[in-house]
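# Structural overview
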Amino acid sequence: MADDNMANSQETCDRSSCEGCASAGNCDQSPQSFIEQLNAYSNIKKVIGVASGKGGVGKSFVTGSLASEMARQGYKVGILDADITGPSIPKMYGIHGPAVAKEEGILPIPAKDGTKIMSINLLVQDEEAPVIWRGPVLAGTVKQFWTEVYWGELDYLFVDMPPGTGDVPLTVFQSIPLDGVVIVTSPQDLVELIVKKCVNMAQMMNIPVIGLIENYSYLVCPDCGKKINIFGESRIDEVASQIGTQVLARLPMSPQYAKAADEGSFESLNVEGLEKAAKAVKES
């Protein structure tokens, strides 16, 4: 009877990972998959998450920079804006809704460089109205961006994730088949704790960490060209070594970057220093 009960409990295993399970290694059942089916009329070769352990580190900027870099290299690119309560991608690219739907699904709106974008701000009537939804509704919306949006043929889909390790990041990790995640941080004292939380979450969800990108790494003096470390000396190399990953880029603070984002002309930017990151994304 005890064996029968154990077998029954294994058959109904609802874990998404064997991490921390008391029966790990002694169970013949695979963890339950929560992966959602991609829109039936779409084909996406690689899906890359862009995540951070906290807000305010320029995660959307990095997402857009990577997407624009891959588009410049001739790839078909899309951005899924999973930051439902703080969407910024449409503003950066100067696009507005409403998005329309046809038989194949909801149509993402293309930026000037052809990057296909889907965001909650392209579906609501008032872009400035706050999205005051609870976690399950937010998570359900992200799933719909994967299952009901007609992405068509894409080489790369970048998922701009909200900060932290809450409902929506968990939904992205569990429901969308990510090929890897790029973690964004800044050179501040809390960097080690912030990065490790995000890395640990990715590892628990069996998502490969492609590497780290340090944003706001330095400011270049417009007069003498000297690099100024606004937030102090970086510890990104030390942290990357501790967690066994690589530093993909160190991106500067620049008034030009902020101006392009504010004016909705982000696709015109050529953010320097992303060569290694683009190569790592291709190899993920």
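The paragraphs below set out a description of the structure included in this document.

Reading guide: rules and limits
Once a new chain begins, its residue numbering starts again from 1 and follows that chain's sequence as written. The predicted origin of the model limits local features to residues at a pLDDT of at least 70 and limits the giving and counting of side-chain atom pairs to 80 or more, whereas totals for whole chains, interfaces and linings rest on all residues. Only hydrogens and water are set aside; all other atoms, that is, all heavy atoms of the structure, feed into the side-chain values. Put simply, DSSP marks the helices as runs of H or I at least four residues long and the strands as runs of E at least two long, and each gets a number from the N terminus on. Relative accessibility decides the category of a residue: with a 1.4 Å probe and only protein chains considered, values under 20% of the type maximum give buried, values over 50% give exposed, and everything between is partly exposed. Residue contacts are defined here by distance: any two heavy atoms, one from each residue, within 4.5 Å place the two residues in contact. Any Phe, Tyr or Trp ring, taking Trp's six-membered ring, that has another such ring centre within 6.5 Å forms a pair; planes under 30 degrees apart are called stacked, those over 60 apart edge-to-face, and the others tilted. Geometrically, a lysine NZ or arginine CZ counts as sitting over a ring once it is within 6 Å of the ring centre and also within 35 degrees of the ring normal. Any two strands are treated as partners once DSSP identifies two or more bridges connecting them. Helix axes are fitted only over the stretch in contact, all axes being lines through C-alpha atoms; the angle between N-to-C directions runs from 0 to 180 degrees.

### Here's the deal with the environment of Lys-143
On the secondary structure map, Lys-143 appears in helix α4 (residues 135-147). Assessed through its relative accessible area of 31%, Lys-143 is described here as partly exposed. The spatial distance from the C-alpha of Lys-143 to the C-alpha of Glu-36 is 7.2 Å, given a sequence separation of 107 residues. If we skip the residues at most four places from it in the chain, Lys-143 touches Glu-36, Thr-171 and Ser-175.

### Thoughts on the side chain of Asn-121
Assignment of secondary structure puts Asn-121 in the loop between β6 (116-118) and α4. Those residues in contact with Asn-121 that lie beyond four places of it in its chain are Pro-87, Pro-90 and Glu-127.

### As for the packing of aromatic side chains
Per the stated rule, a full pass over the model turns up seven aromatic pairs. Taking 5.3 Å as the distance between ring centres and 85 degrees as the angle between the ring planes, the aromatic pair formed by Tyr-75 and Tyr-156 counts as edge-to-face. Remark: Tyr-156 occurs in strand β7 (residues 153-160) and Tyr-75 occurs in the loop between α2 (59-72) and β2 (77-81); sequence separation between them is 81 residues. Overall, Tyr-75 belongs to the partly exposed group, its relative accessible area being 29%. According to the relative accessible area criterion, Tyr-156 is buried, its value standing at 6%. An aromatic cluster is built from Phe-61, Tyr-93, Tyr-257 and Phe-266, whose rings are joined through pairwise contacts. The cationic tip of Lys-227 hangs over the ring face of Tyr-218; the distance from NZ or CZ to the ring centre is 4.5 Å.

### Looking at the pairing of β2
Taken across its five residues, β2 has five buried, putting it largely inside the fold. Where burial is concerned, the two faces of β2 agree: the one with Val-77, Ile-79 and Asp-81 and the one with Gly-78 and Leu-80 are both buried. As defined by bridge partners, β2 adjoins β7 across five bridges and the pair is classed as parallel. Considered in β7, the bridge of Asp-81 is made with Asp-160. Where β2 lies against β6, three bridges are found, and the strand directions are parallel. Residue pairing for β6: Ile-79 is matched across the bridge by Ile-117.

### Description of the sheet that holds β7
What the eight strands build is an open sheet, ordered β5-β6-β2-β7-β1-β8-β9-β12; its pairing is mixed. Both edges of this open sheet fall to β5 (109-110) and β12 (247-250), since each of them pairs with a single strand only. Contacting β8 (180-185), β9 (209-214) and β12, helix α7 (residues 236-243) crosses the sheet at an angle of about 165 degrees to β12.

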